[in-house]
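Residue-level structure breakdown
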Amino acid sequence: MSSQVISLYKKRRSQYALGKNVPIGQAETTELIKQAMREAPSAFNAQSSRALILFGAESQKFWELAKDELRKIVPAEAFAATEGKLTSFAAGAGTVLYFVDTDVVKGLQEQFALYADNFPVWAEQSNGMAQFAVWTALADAGIGASLQHYNPLVDEAVRKEWGVHGNWQLRAQMPFGSNEAPFGEKSYMEDEARFKVFG
């Protein structure tokens, strides 16, 4: 079976060897990220996902802030490996920081009390779909990326540096850039362990 969509999904891989030589400009990359997030679904059309898009020196600044925070908790003898990983993320063209707007979630909880417990879960699902949409769109444009999770360690530093609203809860970080190394082989678990089909 051939599917253009599945072919796109297969392009979306974790890339850790990033460079700055992306095939499209900053304005086009920004618009691509915006469009992908706009089209990602959300329960009740809540559109609770938010993004801070950082390019160049601003992206590098984020990863330096992450180093500063991690230096406080990672043993000195083990920090070189951590620093190397963060430096590889900073080597890219930019970083997308993904947030959930908790005010939107709270508003829906108040408006639809019957589903109150579900709205935080649905917001996380929506954010994950936004991340996947952006990652796939970047991959289709020939831009490599990976998904990282240094929150909540970096949350306060991000708020101070970029004036991010307190109701924006940081959920993930996506460094992106040119693909500076080939992708490794991806392994898949057996279908029998993953799927059940009836009817």
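Description of the structure in this document. Bear in mind that the values here come from a model prediction, so they are computed numbers and not experimental data.

For the rest of this paragraph, the subject is the overall build of the protein chain. A count of helical and extended segments in the protein chain gives eight helices and five strands. Relative to the compact-globule value of 16 Å for 199 residues, the protein chain shows a C-alpha radius of gyration of 18 Å, a close match. Projected onto its principal axes, the C-alpha positions of the protein chain cover 50 × 45 × 35 Å. Going through the 199 residues of the protein chain one by one, you find that 40% of them count as buried. Look at the contacts in the protein chain between residues 6 or more apart in sequence, and 84% of them connect residues 24 or more apart. In the structure as shown, the protein chain presents an accessible area of about 11600 Å², 53% of it carried by carbon and sulfur atoms. Distance from the positive charge centre (20 side chains) to the negative charge centre (23 side chains) of the protein chain: 1 Å.

So, about the nonpolar core. Ranked by internal contacts, the top residues of the largest apolar core, which has 22 residues, are Leu 52, Phe 62, Trp 63, Leu 97, Phe 99, Val 158 and Trp 162. Elements with a contribution of two residues or more to this core: β2 (49-55), α3 (56-71), α4 (79-90), β3 (94-101), α7 (155-162) and β5 (168-179). If sequence neighbours within four positions are ignored, Leu 97 has contacts with Arg 50, Ala 51, Leu 52, Leu 54, Phe 62, Val 158, Leu 170, Ala 172 and Gln 173. Residues Phe 55, Tyr 98, Ala 130 and Phe 176 belong to the second largest nonpolar core, which totals 19 residues.

Here the focus is the environment of Val 134. You can see Val 134 is positioned in helix α6 (residues 119-140). Sequence separation of Val 134 and Leu 32 is 102 residues, and the distance between their C-alpha atoms is 7.7 Å. Leave out the neighbours within four places in its chain, and Val 134 touches Ile 33, Ala 36, Met 37, Tyr 98 and Met 174.

On to the packing of aromatic side chains, then. This structure, assessed with the given rule, holds 13 aromatic pairs. The interplanar angle of 45° and the centroid separation of 6.1 Å between the aromatic rings of Tyr 115 and Trp 122 together place this pair among those described as tilted. Classification of Tyr 115 as partly exposed rests on a relative accessible area of 35%. Geometry around Trp 135 places Arg 12 over its ring, the cationic atom sitting 4.3 Å from the centre.

A few words on the side chain of Gln 173. Looking at the element boundaries, Gln 173 is found in strand β5. Side chain to side chain, Gln 173 and Asn 151 meet in a polar contact 2.9 Å long. In this structure, Gln 173 is in contact with Phe 62, Trp 63, Thr 95, Val 96, Leu 97, Ser 146, Leu 147, Gln 148, His 149, Tyr 150 and Asn 151, ignoring residues within four places of it in sequence.

Before going further, it helps to spend a moment on a nonpolar patch on the surface. On the surface, a nonpolar cluster with roughly 330 Å² of combined accessible area is contributed by Val 5, Ile 6, Tyr 9 and Phe 132. For the nonpolar patch, the element with the most residues is helix α1 (residues 4-11), which contributes three residues. For Phe 132, the position within the fold is in helix α6.

Another aspect to go through is the pairing of β3. In terms of burial, β3 is largely enclosed, as eight of its eight residues are buried. What you see with β3 is no split at all: Gly 94, Val 96, Tyr 98 and Val 100 on one side and Thr 95, Leu 97, Phe 99 and Asp 101 on the other are buried throughout. With seven bridges joining them, β2 and β3 adopt antiparallel strand pairing. When the sheet's bridge partners are listed, Ile 53 is paired in β3 with Val 96. Note that β3 and β5 share eight bridges and pair antiparallel. Within the sheet, the bridge partner assigned to Tyr 98 lies in β5 and is Ala 172.

Before going further, it helps to spend a moment on the side chain of Gln 131. Relative to the helices and strands, Gln 131 resides in helix α6. Among all residues touching Gln 131, those that are not within four sequence positions of it are Tyr 98, Leu 147, Ala 172 and Met 174.

Scoring rules and cut-offs
Residues numbered from 1 in each chain as written. Predicted model: local features only at pLDDT ≥ 70, side-chain atom pairs only at ≥ 80, totals over all residues. Heavy atoms only, no water. Helix = DSSP H or I, 4+ residues; strand = E, 2+ residues; numbered from the N terminus. Rg over C-alpha atoms; globule rule 2.2 N^0.38 Å. Buried < 20%, exposed > 50% of the residue type's maximum accessible area, 1.4 Å probe, protein only. Contact = heavy atoms within 4.5 Å. Areas by Shrake-Rupley, 256 points an atom, 1.4 Å probe, with all protein chains shown as cover. Lys, Arg positive; Asp, Glu negative; His and termini not counted. Charge placed at Lys NZ, Arg CZ, Asp CG, Glu CD. Core = buried A, V, L, I, M, F, W, Y, C linked by side-chain atoms within 4.5 Å. Phe/Tyr/Trp six-rings, centres within 6.5 Å; stacked < 30°, edge-to-face > 60°. Lys NZ or Arg CZ within 6 Å of the ring centre and 35° of its normal. Polar contact = N/O pair within 3.5 Å; in protein donor to acceptor, adjacent residues only side chain to side chain. Patch = residues over 30% accessible without salt bridge, like charges linked within 9 Å, V, L, I, M, F, W, Y side chains within 5 Å. Salt bridge = Lys/Arg side-chain N within 4 Å of Asp/Glu carboxyl O. Pairing = 2+ DSSP bridges.

These values are about where atoms sit, not about what they do.
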